[in-house]
Amino acid sequence: MNPFSSGNRLRDMIRAIRACKTAAEERAVVRKECAAIRAAINENDQGYRHRNLAKLMFIHMLGYPTHFGQMECLKLIASAGFPEKRIGYLGLMLLLDERQEVLMLVTNSLKQDLNHSNQYIVGLALCALGNISSAEMARDLAPDVERLLQFRDPNIRKKAALCSIRIIKKVPDLVENFMYPAASLLKEKHHGVLVTGVQLCTGLCKVSSEALEYFRENCTEGLVKTLRDIANSPYSPEYDVAGITDPFLHIRLLMLLRLLGQGDADASDCMTDILAQVASRTESNKNAGNAILYECVQTIMSIEDNGGLRVLAINILGRFLSNRDNNIRYVGLNMLMKAIVVEAKAVQRHRATILECVKDSDASIQKRALELVYLLVNESNVKPFTKELIEYLEVSDQEFKGDITAKICSLVEKFSPEKIWYIDQMLKVLSEAGNFVKDEVWHALIVVISNASDLHGYTVRALYRAFQASTEQESLVRVAVWCIGEYGDMLVNNVGMLDIEEPITVTESDAVDAIEVAIKHHRSDLTTKAMALIALFKLSSRFPACSERIKDIIFQNKQSLLLELQQRSIEFNCILQKYHNIRSALLERMPILDETTLRGRKDGSLPTAVSTSTIIPCDLPNGVAEPAAAPIGDLLDLSLDDVPPPISSCGDILQDLLAIDLSPASALSGTSHPPKAGTDVLLDLLSIGTLVPAETSPSALDISSSGQDNKAPLANSNGLASLPLLIADSPASSAGMMDLLDAFDPITQKLEENGPAYPSIVAYESRSLRMTFNFSKQPGNPRTTFILATFTNLSPNVYNDFLFQAAVPKFLQLHLDPASSSTLPASGDGSITQNLKVNNTQHGKKSLAMRIRIAYKTNNDDILEEGKINNFPRDL
């Protein structure tokens with residue numbers, strides 16, 4: 001006998017563990033106890049086996065391993081006495097589960113105990129079998145459990161019914177054996193046996209359609225009678241809970257009736273009266289009553305159609321919304337969301353209460369009520385609902401503004417009766433919570449404004465007023481500057497005044513002031529400032545009197561630290577100074593965008609980008625899905641305009657953009673043959689002069705070339721696409737053409753001194769990774785090419801242990817420098833760079849070619865990507 005085990009009782013061990021101040025002390029106590037228990041097991045200490053197993057169960061509940069004590073459970077179960085069996089079965093249920101192979105050894109002991117003369121031991125065996133029975137055990141012991149369903153003692157019958165539920169779940173083939181014994185349990189007078197019998201019948205109906213039909217035909221009337229007797233029974237202290245007789249049996253009967261009545265009109269008619277009685281007579285001032293009412297409502301909404309009964313059920317849910325208990329209100333909202341599908345009109349009667357729930361202090365109730373409001377709104381009630389939600393938006397918490405703003409915008413867009421109302425509501429939302437509005441929302445608003453030609457004047461004036469009231473809402477500022485840039489002349493001249501408007505006096509200088517405020521405001525981001533700069537550029541043609549001031553404001557951004565603004569400023573300034581002949585065409589109003597295409601893309605029925613099959617046929621880099629013409633076709637860069645027709649040349653793109661005839665016979669082109677590349681067309685358009693063909697002039701950054709990635713697009717939110725920066729590849733060719741912008745002469749000279757410039761390429765691209773190459777050469781050494789490889793992560797996961805490998809043909813010599821890092825940040829937040837040096841021994845005869853392999857780890861998975869690069873510029 002182990003002296004430590006015999007002297008240290010369970011309560012002493014619990015006290016010792018609770019007295020531990022650190023986890024290390026607790027582990028020390030547990031190790032000491034486990035060591036003593038192991039010693040007792042090895043010595044076959046039978047006198048304290050039950051105490052040791054009790055300790056093991058407590059240690060197991062603390063999360064420590066106790067597998068070494070599993071066999072002790074089986075030994076205690078095989079004992080003759082009830083106390084030992086009780087501890088053994090309890091340990092069996094805690095320390096083992098149905099997947100343990102050891103469990104097969106206990107099947108014989110269970111069979112013996114199920115036939116034991118002591119009913120308490122039979123009860124222990126039924127409890128264990130109902131908790132951890134495997135399919136094999138269930139199949140072997142099912143006849144014994146079926147026999148015990150008719151046992152004389154009600155406690156054994158109750159436990160046998162619960163054990164039968166697990167057996168039919170594990171072995172559905174045995175359903176037929178339990179159907180008739182289960183039906184006999186529904187006639188029991190003992191509530192404990194009756195409630196387990198109802199549970200068994202419910203489980204049988206869920207597992208077998210045959211059992212469902214049997215109970216529907218033979219037991220529906222009896223169940224209805226039982227429910228009526230319980231609902232009308234007098235006070236019974238044995239089963240009374242908060243003044244209601246056995247609410248647990250109430251709920252179980254309602255759940256079974258719901259299964260029987262679903263999809264069967266006769267069974268539904270049979271239970272209609274009792275459901276109406278339970279719904280109308282059950283008190284709702286206690287949780288027990290509310291639980292019964294909730295199950296009753298679920299049953300009413302699930303059985304076959306009965307309009308009056310469903311209205312009664314929805315009125316009960318309406319009362320739930322007025323309850324002080326947040327849980328009951330949440331349950332009511334959840335059930336109303338299901339009920340609205342079958343009885344929308346009845347739910348509409350409670351919309352005032354539902355709107356009050358949106359204003360609740362509980363966040364979960366707020367969100368659920370907002371979802372329900374979203375389902376309630378239709379064409380007839382969108383105006384009052386929207387008004388209420390916008391009024392609440394003004395006082396709602398900051399963390400809830402995003403959700404409510406998204407719902408309001410979606411409702412207004414979906415059910416708007418007229419465009420003026422849509423514009424008014426969106427302006428209210430932008431004024432109150434513009435910083436919470438997603439980009440798609442104000443993009444769609446711009447499309448609607450573009451299509452509402454009779455409301456352009458009204459809209460620009462309304463936006464100007466809103467802008468003057470608040471410049472803190474980013475989305476409002478963007479839409480306002482876009483509209484002022486497009487329709488500034490209507491704002492100044494009060495064009496299209498409506499009767500509902502108040503007169504407003506705005507001068508040209510006031511309109512320019514508004515745009516200048518947007519540019520210089522400290523909270524404006526890059527997109528807003530870029531849109532404001534383009535708006536100013538457009539106003540330069542609409543307000544000739546302010547053109548000098550506009551030119552000064554644009555010129556001020558020439559020294560901006562933001563490359564995007566700097567580039568726009570330089571190019572706009574160049575056009576304002578030199579190219580007056582095309583300025584009016586460039587700065588025309590945006591064409592009307594197609595609303596049908598917008599809705600189709602939001603619904604997923606139309607593509608969100610211009611198909612590559614509609615672009616001019618040209619050699620695309622490996623992995624690039626679309627050429628650079630797509631941003632030009634999408635003037636606003638909002639992915640909302642219609643898909644353009646097939647394009648035969650880059651000149652057609654510019655012709656669509658500028659609304660200028662660029663046909664071969666055009667006087668602007670100055671030549672009788674069609675242009676060979678988009679750069680030729682642009683230079684011909686600007687009357688700059690002759691140009692070396694694009695095939696032999698790699699320095700000309702063709703707007704249709706995939707190499708455009710090395711320059712940020714000029715416009716991504718307004719009506720002017722980027723004009724390319726042209727760099728000559730030699731002094732001879734640069735003499736025949738001038739720098740388009742004149743501002744980059746030093747850069748051009750430096751590039752000419754260092755050798756010809758080459759466009760960067762997207763060498764490899766997959767769903768998760770992009771690799772770009774930038775090329776350079778040293779003067780006088782045309783065979784050697786220096787490549788800067790830049791790797792960008794396109795996925796939301798960080799890449800670790802990043803490794804790039806490359807192989808080239810024999811006529812090439814490759815040298816790789818170490819990478820800048822081994823970790824690639826997620827979502828394009830950073831990049832890895834690596835320098836390559838390639839020596840082409842057959843320069844002029846063969847071009848570069850390369851095979852690559854990229855390896856990295858993400859989420860503990862090793863990823864390997866491979867590819868082949870054949871799209872190097874020819875003269876490398």
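Note that the structure is a prediction, hence the values are computed from the model and not measured.

Cut-offs and rules
Residues numbered from 1 in each chain as written. Predicted model: local features only at pLDDT ≥ 70, side-chain atom pairs only at ≥ 80, totals over all residues. Heavy atoms only, no water. Helix = DSSP H or I, 4+ residues; strand = E, 2+ residues; numbered from the N terminus. Buried < 20%, exposed > 50% of the residue type's maximum accessible area, 1.4 Å probe, protein only. Contact = heavy atoms within 4.5 Å. Areas by Shrake-Rupley, 256 points an atom, 1.4 Å probe, with all protein chains shown as cover. Expected span 1.5 Å × (residues − 1). Salt bridge = Lys/Arg side-chain N within 4 Å of Asp/Glu carboxyl O. Pairing = 2+ DSSP bridges. Axes fitted to C-alpha atoms, helices over the stretch in contact; angles between N-to-C directions. Parallel < 35°, antiparallel > 145°, perpendicular 65-115°, else oblique. Nonpolar A, V, L, I, M, F, W, Y, C, P; charged D, E, K, R; others polar. Core = buried A, V, L, I, M, F, W, Y, C linked by side-chain atoms within 4.5 Å. Left-handed = near helix turned anticlockwise from the far one by under 90°. Lys, Arg positive; Asp, Glu negative; His and termini not counted. Patch = residues over 30% accessible without salt bridge, like charges linked within 9 Å, V, L, I, M, F, W, Y side chains within 5 Å. Polar contact = N/O pair within 3.5 Å; in protein donor to acceptor, adjacent residues only side chain to side chain. Phe/Tyr/Trp six-rings, centres within 6.5 Å; stacked < 30°, edge-to-face > 60°. Lys NZ or Arg CZ within 6 Å of the ring centre and 35° of its normal. Arc of directions from axis to C-beta. pLDDT = per-residue confidence, 0-100.

1. So, the overall build of the protein
Thinking step 1. If you tally the helices and strands in the protein, you get 39 helices and 10 strands.
Thinking step 2. Counting the 876 residues in the protein, one finds 51% classified as buried.
Thinking step 3. Counting only contacts in the protein whose residues sit at least 6 apart along the sequence, the fraction spanning at least 24 positions is 67%.
Thinking step 4. As displayed, the protein offers around 40600 Å² of accessible surface, 50% of which is attributable to carbon and sulfur atoms.

2. As for helix α4 (residues 49-61)
Thinking step 1. For α4, with 13 residues, the first-to-last C-alpha span of 19 Å sits near the 18 Å given by 1.5 Å per residue.
Thinking step 2. Within α4, 10 of the 13 residues are buried, which leaves the element mostly enclosed by the surrounding structure.
Thinking step 3. A positive phi of about 100 degrees marks G63, the residue just after α4.

3. Focus: the pattern of salt bridges
Thinking step 1. All told, the structure shown has 30 salt bridges when counted by the stated rule.
Thinking step 2. A salt bridge links D12 to R9, with the nearest nitrogen and oxygen atoms 3.6 Å apart.
Thinking step 3. A cluster of three or more residues bridged by salt bridges with shared partners is formed by D513, E516, K520 and R549.

4. With respect to the sheet that holds strand β3 (residues 761-765)
Thinking step 1. The 5 strands lie next to each other as β3-β4-β5-β8-β7, forming an open sheet whose pairing is antiparallel. Single-partner strands in this sheet number two, and they are β3 and β7 (812-816). The mean angle between the axes of side-by-side strands here comes to 25 degrees, regardless of whether they run parallel or antiparallel.
Thinking step 2. Across 4 bridges, β3 lies against strand β4 (residues 769-778) in antiparallel orientation. By the bridge assignment for β4, Y764 is matched with M771.

5. Observations concerning the packing of helix α7 (residues 107-114) against helix α9 (residues 135-148)
Thinking step 1. One way to put it is that α7 packs onto α9 with a least axis distance of 10 Å and a crossing angle of 5 degrees. By the angle between their directions, the pair α7 and α9 is classed as roughly parallel. Of the residues in α9, those touching α7 at T107, L110, K111 and L114 are M137, D140, L141, D144, R147 and L148.
Thinking step 2. Taken together, the residues that form the contact of α7 with α9 break down as 5 nonpolar, 1 polar and 4 charged.

6. What about the nonpolar core?
Thinking step 1. Among the nonpolar cores identified, the biggest contains 209 residues, and L92 and F215 are the most heavily contacted of them.
Thinking step 2. Ranked by residue count, the leading element in this core is helix α28 (residues 474-493), at 12 residues.
Thinking step 3. In this structure, L769, F775, A789 and L824 belong to the second largest nonpolar core, which totals 28 residues.

7. Topic: the packing of helix α21 (residues 351-358) against helix α23 (residues 382-395)
Thinking step 1. Packing of α21 against α23 brings their axes to within 11 Å, and their N-to-C directions diverge by 20 degrees. In terms of their interaxial angle, α21 and α23 are classed as roughly parallel. In the packing of α21 onto α23, the handedness of the crossing is right-handed. Residues R351, L355 and V358 of α21 touch α23, and the partners they reach there are F385, E388, L389 and Y392.

8. Observations regarding the side chain of K529
Thinking step 1. Mapping K529 onto the fold places it in helix α30 (residues 526-542).
Thinking step 2. No salt bridge forms around the buried K529; measuring N to O, its nearest opposite-charge neighbour D525 is 8.2 Å away.

9. Here's the deal with the environment of Q46
Thinking step 1. Relative to the helices and strands, Q46 resides in the loop between α3 (23-42) and α4.
Thinking step 2. Sequence separation between Q46 and K75 is 29 residues, and the spatial gap between their C-alpha atoms is 9.4 Å.

10. A closer look at the sheet that holds strand β10 (residues 861-869)
Thinking step 1. The 3 strands are arranged β6-β9-β10 in an open sheet whose pairing can be described as antiparallel. Of all strands in the sheet, those bounded by a partner on one side alone are β6 (800-807) and β10. If you compare each strand with its neighbour and ignore which way they point, the axes differ by 15 degrees on average.
Thinking step 2. In terms of strand pairing, strand β9 (residues 850-858) meets β10 through 9 bridges, oriented antiparallel.

11. Thoughts on a nonpolar patch on the surface
Thinking step 1. On the surface, M61, L90 and L94 cluster together into a nonpolar patch covering about 270 Å² of accessible area.
Thinking step 2. Since its relative accessible area comes to 32%, L94 is described here as partly exposed.

12. Quick look at the side chain of H521
Thinking step 1. Note that H521 resides in the loop between α29 (508-520) and α30.
Thinking step 2. Among the polar contacts listed, one links the side chain of H521 to the side chain of T471, at a separation of 3.4 Å.
Thinking step 3. Engagement of the side chain of H521 in a polar contact is seen with the side chain of E472, the distance being 3.4 Å.

13. Digging into the packing of aromatic side chains
Thinking step 1. The full count for this structure, using the stated rule, is 13 aromatic pairs.
Thinking step 2. Between the aromatic rings of Y799 and Y856, the centroid separation amounts to 4.0 Å while the plane-to-plane angle is 20 degrees, which identifies the pairing as stacked. Of this pair, Y799 sits in the loop between β5 (781-793) and β6 while Y856 sits in strand β9, and the two are 57 residues apart along the sequence.
Thinking step 3. Exposure remark for Y799: the relative accessible area of 2% places this residue in the buried category.
Thinking step 4. Assessed through its relative accessible area of 4%, Y856 is described here as buried.
Thinking step 5. Members of the aromatic cluster, connected to one another through ring pairs, are F791, Y799, F802, F804 and Y856.
Thinking step 6. Above the face of the F68 ring, R38 is positioned so that its terminal group lies 4.1 Å from the ring centre.
Thinking step 7. It is K407 that lies over the ring of Y374; its NZ or CZ is 4.5 Å from the centre.

14. Structural notes on the pairing of β9
Thinking step 1. Of the two faces of β9, only the one carrying M850, I852, I854, Y856 and T858 is buried; R851, R853, A855 and K857 on the other face are not.
Thinking step 2. Relative to β9, β6 runs antiparallel, the two being bridged by 6 bridges. Bridging across to β9, N800 finds its partner in K857.
Thinking step 3. Counted along the chain from β9 to the antiparallel partner β10, the turn is 2 residues long, and its residue N859 has a positive phi close to 55 degrees.

15. A few points about helix α13 (residues 209-218)
Thinking step 1. The set of residues buried in α13 consists of A211, L212, F215 and R216. Each buried residue of α13 sits inside an arc of 135 degrees when the element is viewed along its axis, so together they form one side.
Thinking step 2. In this structure S208 caps α13, since a side-chain oxygen of it lies 3.2 Å from the backbone nitrogen of E210.

16. As for the environment of N774
Thinking step 1. In this fold, N774 is placed in strand β4.
Thinking step 2. For N774, a relative accessible area of 30% gives the class partly exposed.
Thinking step 3. Each C-alpha atom of the pair N774 and V762 lies 9.2 Å from the other, and the pair is 12 residues apart in sequence.
Thinking step 4. In this structure, N774 is in contact with S760, F786, I787, L788 and T790, ignoring residues within four places of it in sequence.

17. A short note on unusual backbone geometry
Negative phi values dominate among residues other than glycine, just as trans dominates among peptide bonds.
Thinking step 1. Unlike most non-glycine residues, D801 shows phi in positive territory, near 50 degrees.
Thinking step 2. The backbone of N859 sits at a positive phi, close to 55 degrees, despite the residue not being glycine.
Thinking step 3. For N859, the position within the fold is in the loop between β9 and β10.

18. Notes on the environment of L162
Thinking step 1. In this fold, L162 is placed in helix α10 (residues 154-170).
Thinking step 2. Along the chain, L162 and Q199 lie 37 residues apart, while their C-alpha atoms are 7.8 Å from each other.
Thinking step 3. Apart from the residues within four sequence positions on either side, L162 is in contact with T196 and Q199.

19. Some remarks on the confidence of the model for the protein
Thinking step 1. Looking at the protein as a whole, the pLDDT averages 80, with 81% of positions reaching at least 70.
Thinking step 2. Considering each helix and strand of the protein separately, the mean pLDDT is smallest for helix α35 (residues 629-633), with a value of 36, and largest for α10, with 94.
Thinking step 3. Considering only residues more than four positions removed or in separate chains, one finds that residues 607-754, a stretch of pLDDT under 50, has 261 contacts.

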